[in-house]
Structure formats: structure tokens, C-alpha cells
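Residue-level structure breakdown
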Amino acid sequence: MDEQWRQQRDHAVAQHAAADERRRAAEVAKARVMIERFVTQARERGLRTTALTAFAYDGGGRYRTGLRGWYVHRGRGLAVDVDGNYYVLGVPSSLRARLLGAQVAPSDPPLVIGAGGKDGESMPLEVMLRRRLDAGDD
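Residues numbered from 1 in each chain as written. Predicted model: local features only at pLDDT ≥ 70, side-chain atom pairs only at ≥ 80, totals over all residues. Heavy atoms only, no water.

1. Comments concerning the overall build of the protein chain
Secondary structure summary: the protein chain contains 3 helices and 7 strands in total. For the protein chain, the N- to C-terminal ordering of α and β elements is α-β-β-β-β-β-α-β-β-α. Rg of the C-alpha trace for the protein chain: 19 Å, well past the compact-globule value of 14 Å for 138 residues, more than 25% over. Expressed along its principal axes, the backbone C-alpha trace of the protein chain runs to roughly 65 × 40 × 30 Å. Just so you have it, the protein chain exposes about 9100 Å², and 52% of that area is on carbon and sulfur atoms. Across the protein chain, the centroid of the 22 positively charged side chains sits 6 Å from that of the 18 negatively charged ones. (Helix = DSSP H or I, 4+ residues; strand = E, 2+ residues; numbered from the N terminus. Rg over C-alpha atoms; globule rule 2.2 N^0.38 Å. Areas by Shrake-Rupley, 256 points an atom, 1.4 Å probe, with all protein chains shown as cover. Lys, Arg positive; Asp, Glu negative; His and termini not counted. Charge placed at Lys NZ, Arg CZ, Asp CG, Glu CD.)

Set out below in C-alpha cells:
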């Protein structure tokens, strides 16, 4: 009986994990569509791109990234590049990054920025992107 219960539990856990992965993939797909729309509209409106910089987690400064795009959060920690990739621009401090620039990999965009954070300040991605478009080049 214990073996059967374990198998059922393992099956249920696997089903939950698969459902969670499908939900997450669907959310990422929706967010990518929003970002593609943002890039198209930013270009249509003539929003200037900027050289994106990454920040050191420990406050040790900012580093070149070699990326161009638009910051989408006023704190300059989130950005979208000209190819429609979403970035969280935090990196560890390093002398190498100071001299040669930081390597930042694109991230899967969430539908809600800051969801589950302790500060309680979350914002739908769509609202954040709209605000960035409405701000123009400011």
C-alpha cells in the first residue's frame, strides 16, 4: 500500500509541475507579444535607443553591456533591447566587467513585474511598457 501511495503522490507532483510549466510558458508567450508590440511602437514613435548599462548588485557601480534599447523601469534595472529581448540588468561586481563590460543574458519576461516581492510594489508588464511609451524620450 505504501508503494502505491508513493506512486500516486509522485504522479500528482509531476502533473502539478507540468501544469505549472505550461502556465509559465503561456505567460512568457503573452509577455513576449507585449514586448514585440512595445518595440514596434517605440520605433514608430521614434523613441531613441540608448546604450544599456547593468548595475552591480552590491551598489558598486554600473557597467557597459554592449546592448542598445530602452529602459522600461525608472530605476534602470529592467530594459528591452532593439531585438525585443527583456533584460534584468543586475550583475555581480567584478573588475573584469568594469574593464570589459558586463555580459547580461536575456530573461523570460513576466506578466507582472515584482510579483511576490516583499515590498508589495508590483506592476503589470503591459502598464510598465505603456508608461514607457507615453514618457517618450524623457
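Once the structure has been displayed, the description carries forward.
2. Points about the nonpolar core
One finds I35, F38, V72, V80, L125 and L129 to be the most contacted residues of the largest nonpolar core, which totals 18 residues. Looking at this core, the elements that each hand over two or more residues are α1 (2-44), β3 (78-81) and α3 (125-135). With 6 residues, the single largest contributor to this core is α1. Beyond its immediate stretch of four places on either side in the chain, I35 contacts V80, G84, Y86, P109, L125 and L129. Counting residues in each nonpolar core, the second largest holds 13 residues, with A54, Y63, A79 and L89 among its members. (Core = buried A, V, L, I, M, F, W, Y, C linked by side-chain atoms within 4.5 Å. Buried < 20%, exposed > 50% of the residue type's maximum accessible area, 1.4 Å probe, protein only. Contact = heavy atoms within 4.5 Å.)

3. Thoughts on the packing of aromatic side chains
Here the structure, examined in full by the defined rule, presents 2 aromatic pairs. Residues F38 and W70 carry aromatic rings whose centres are separated by 5.7 Å and whose planes lie at 90° to one another, so their mutual orientation is edge-to-face. Placement of the pair is F38 in helix α1 and W70 in strand β2 (residues 62-71), with a sequence separation of 32 residues. F38 gets classed as buried once you look at its relative accessible area, which sits at 2%. (Phe/Tyr/Trp six-rings, centres within 6.5 Å; stacked < 30°, edge-to-face > 60°.)

Everything listed here is a matter of geometry and, on its own, says nothing about what the molecule does.
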